[in-house]
Amino acid sequence: MDLFSYMKEKNQEKESPLASRMRPKTLDEVVGQQHIIGEGKMLYRAIKADKLGSVIFYGPPGTGKTTLAKVIANTTSAQFTQLNATTAGKKDMEAAVKEAQDQLGMYGRKTILFIDEIHRFNKGQQDYLLPFVEDGTVILIGATTENPYFEVNGALLSRSIIFELKALEKEDIAGLLTRAVADEVCGMGSYGAVLEDDARDFLADIAGGDARAALNAVELAVLTTPRGEDGVIRIDLETASECIQKRLVRYDKTGDQHYDTISAFIKSLRGSDPDAAVYYLAKMLYAGEDVRFIARRLMISAAEDVGNADPQALNLAVSASLAVERVGMPEAQIILAQAAAYIAGAPKSNAASQAIFAAMESVGKVKATVPVHLQDAHYKGAAKLGHGTGYLYPHDYEEHYVKQQYLPDEIAGSVFYEPTQMGEEEKIRARLERLHQR
């Protein structure tokens, strides 16, 4: 490294964001994640002993995935190489592997290859790493905000240990903020700022477990707040609220939060709770969920959970789906809210959905033949074979109904659709009972 490169690196360290400057350098400085790096835990022991194998760190932003990789870099005797999957290409990967091979061949030194945002590598890029992980050329550390079971090559997963990092607790972030404001070496201590307790607690809570967001907010507060008459920068609650305008919502559109939130949305619709349904709808919209995906779920819920108790629910859901595609956001949220509130408030029946599941099971278990009188008599030679013989045309009879067997002989008498007494389905139930008693 030449003098200019050295000075550039030093200036970057000094001028980098607070969240970067406050990044822990040892395991003892890491905040939270005691379930995986607490003293005596496997990851703690592996890092301390410098015996780490390939791992995947998975968790929300700001929970310490890159931090743990940096801690490992500071404690290992292995060569440490870092790539970011958002910018790295095939040549970068080839160069990293070539360097690792040279280190291993010439010096017997292992290489830890840290890949941030590993889920952004496509299948081919992930496949490229596989043989080098397999033969020990590199020890892989992958970091991802997405569920690795969905986004990372299964072969890589089978050769790695997955550690899930949790959103930091409010108390952890509060302690980190206190330290950051007071630290004169890496933090904001040289500014002589005072972070009031209620402001600290507010930032720790509003950050939603993301330490980076909280540190960015307190840095902005210190840098933009004028000194008082006593020469002190005081960060009060009002100042803190101005520095983090929008509450962070933990939601990733392809991972766990996506599935958990849509699950809560569907169950709220099914459970006839319009307030909860609209809340989870708002959470998805707030986080940028695709309105077409939400509309599809509404149509499914209208058919599966409301069914014939209120056939209008499906009509409304389909109309909402068409409308949101034509209107777009932000007005689409009004259309989706109308449909969600209606479906949640509608009488419920899953009789139709249960009917198809029961019928599918029967089809899979019993080999049945269409009764002769229901078979098609129109194609060539069918009538001569007796197809359609004995069929009674319902419109020729009173109420356009005549009693005859429609199910195959093998399952005659089976009941798949059992209308409930809910909403409009009660009318269907009453009519069928009356006709079948004739």
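Here the structure is shown first, and the text comes after it.
Below you will find a few notes about this structure. (Residues numbered from 1 in each chain as written. Predicted model: local features only at pLDDT ≥ 70, side-chain atom pairs only at ≥ 80, totals over all residues. Heavy atoms only, no water.)

**So, the overall build of the protein**
So, point 1. Scanning the protein from N- to C-terminus turns up 20 helices and 7 strands.
So, point 2. Whereas a compact globule of 438 residues would reach a radius of gyration of roughly 22 Å, the protein reaches 32 Å, over 25% beyond that.
So, point 3. Expressed as lengths along the three principal axes of its C-alpha atoms, the size of the protein is roughly 100 × 65 × 40 Å.
So, point 4. Buried residues in the protein amount to 42% of all 438 residues.
So, point 5. Partitioning the intrachain contacts of the protein with sequence separation of at least 6 by distance along the chain shows that 72% fall at a separation of at least 24.
So, point 6. Of the accessible surface of the protein, which amounts to about 24,100 Å², a share of 53% is contributed by carbon and sulfur atoms. (Helix = DSSP H or I, 4+ residues; strand = E, 2+ residues; numbered from the N terminus. Rg over C-alpha atoms; globule rule 2.2 N^0.38 Å. Buried < 20%, exposed > 50% of the residue type's maximum accessible area, 1.4 Å probe, protein only. Contact = heavy atoms within 4.5 Å. Areas by Shrake-Rupley, 256 points an atom, 1.4 Å probe, with all protein chains shown as cover.)

**Here we look at the nonpolar core**
So, point 1. The biggest cluster of nonpolar side chains holds 31 residues, and the ones touching the most others in it are Leu18, Ile173, Leu177, Leu195, Leu203, Leu215 and Val218.
So, point 2. If you list the elements that add at least two residues to this core, you get α2 (18-21), α10 (170-182), β6 (193-195), α11 (197-206), α12 (211-224), β7 (233-235) and α13 (237-243).
So, point 3. Ranked by residue count, the leading element in this core is α12, at 7 residues.
So, point 4. The residues touching leucine 215, leaving out its near neighbours within four places in the chain, are Leu18, Ala19, Met22, Leu176, Leu177 and Ala180. (Core = buried A, V, L, I, M, F, W, Y, C linked by side-chain atoms within 4.5 Å.)

**Re the pattern of salt bridges**
So, point 1. Within this structure, the stated rule accounts for 16 salt bridges.
So, point 2. One salt bridge in this structure joins lysine 123 and aspartate 127, with 3.0 Å as the shortest N-O distance. Of this pair, lysine 123 and aspartate 127 are both found in helix α7 (residues 123-134), 4 residues apart, which corresponds to roughly one turn of the helix.
So, point 3. For lysine 123, a relative accessible area of 60% puts it in the exposed group.
So, point 4. A salt bridge links glutamate 399 to arginine 434; its shortest N-O distance comes to 2.7 Å. With glutamate 399 in the loop between α19 (351-365) and α20 (425-436) and arginine 434 in helix α20, this residue pair connects regions lying 35 residues apart in the sequence.
So, point 5. For glutamate 399, a relative accessible area of 36% gives the class partly exposed.
So, point 6. Look at the salt bridges and you will find they share partners, linking Asp197, Arg200 and Asp201 into a network. (Salt bridge = Lys/Arg side-chain N within 4 Å of Asp/Glu carboxyl O.)

**Quick word on the layout of surface pockets**
So, point 1. Approximately 740 Å³ is the volume found for the second largest pocket.
So, point 2. Residue lining of the second largest pocket: 22 residues in total, with Leu407, Ser414, Val415, Leu432 and His436 positioned closest to the centre.
So, point 3. Partitioning the lining of the second largest pocket into residue classes produces 11 nonpolar, 6 polar and 5 charged. (1 Å grid on protein atoms, 1.4 Å probe; cavity = no way out; pocket = protein on both sides within 12 Å on 5 of 7 lines; lining within 4 Å. Points joined across faces, edges and corners; volume = space filled by probe spheres on them. Nonpolar A, V, L, I, M, F, W, Y, C, P; charged D, E, K, R; others polar.)

**Some details on the side chain of aspartate 210**
So, point 1. Structurally, aspartate 210 is set in the loop between α11 and α12.
So, point 2. Judged by its relative accessible area of 8%, aspartate 210 is buried.
So, point 3. Reaching out from aspartate 210, the side chain makes a polar contact with the backbone nitrogen of arginine 212 at a distance of 3.0 Å. (Polar contact = N/O pair within 3.5 Å; in protein donor to acceptor, adjacent residues only side chain to side chain.)

**Re the pairing of strand β4 (residues 138-144)**
So, point 1. Most of β4 sits out of view: 7 of its 7 residues are buried.
So, point 2. Here β4 shows a buried face lined by Val138, Leu140, Gly142 and Thr144 and a second buried face lined by Ile139, Ile141 and Ala143.
So, point 3. As judged from the 4 bridges shared by strand β1 (residues 55-58) and β4, these two strands associate in the parallel manner. By the bridge assignment, valine 55 is partnered in β4 with isoleucine 141.
So, point 4. The sheet contact formed by strand β3 (residues 111-116) and β4 spans 6 bridges and is parallel. Bridge pairing in β4 links isoleucine 115 to glycine 142.
So, point 5. Handedness of the β3-α7-β4 crossover: right-handed. (Pairing = 2+ DSSP bridges. Right-handed = clockwise from strand over helix to strand, strands pointing away.)

**Observations regarding a nonpolar patch on the surface**
So, point 1. Taken together, Leu314, Val318 and Leu322 make up a surface patch of nonpolar side chains, about 220 Å² in accessible area.
So, point 2. In this fold, leucine 322 is placed in helix α17 (residues 312-327). (Patch = residues over 30% accessible without salt bridge, like charges linked within 9 Å, V, L, I, M, F, W, Y side chains within 5 Å.)

**Focus: the sheet that holds β1**
Note on sheets: strands pair through backbone hydrogen bonds, and any given pair is parallel or antiparallel.
So, point 1. The strand order β2-β3-β4-β1-β5 describes an open sheet built from 5 strands, whose pairing is parallel. This sheet does not close on itself; its edge strands, each paired only once, are β2 (79-84) and β5 (161-164). Going from strand to strand, the sheet's axes swing by 15° on average, the running direction of each strand aside.
So, point 2. Sitting on the sheet, helix α5 (residues 65-75) is in contact with β1, β2, β3 and β4, with an inclination near 145° to β1. (Axes fitted to C-alpha atoms, helices over the stretch in contact; angles between N-to-C directions.)

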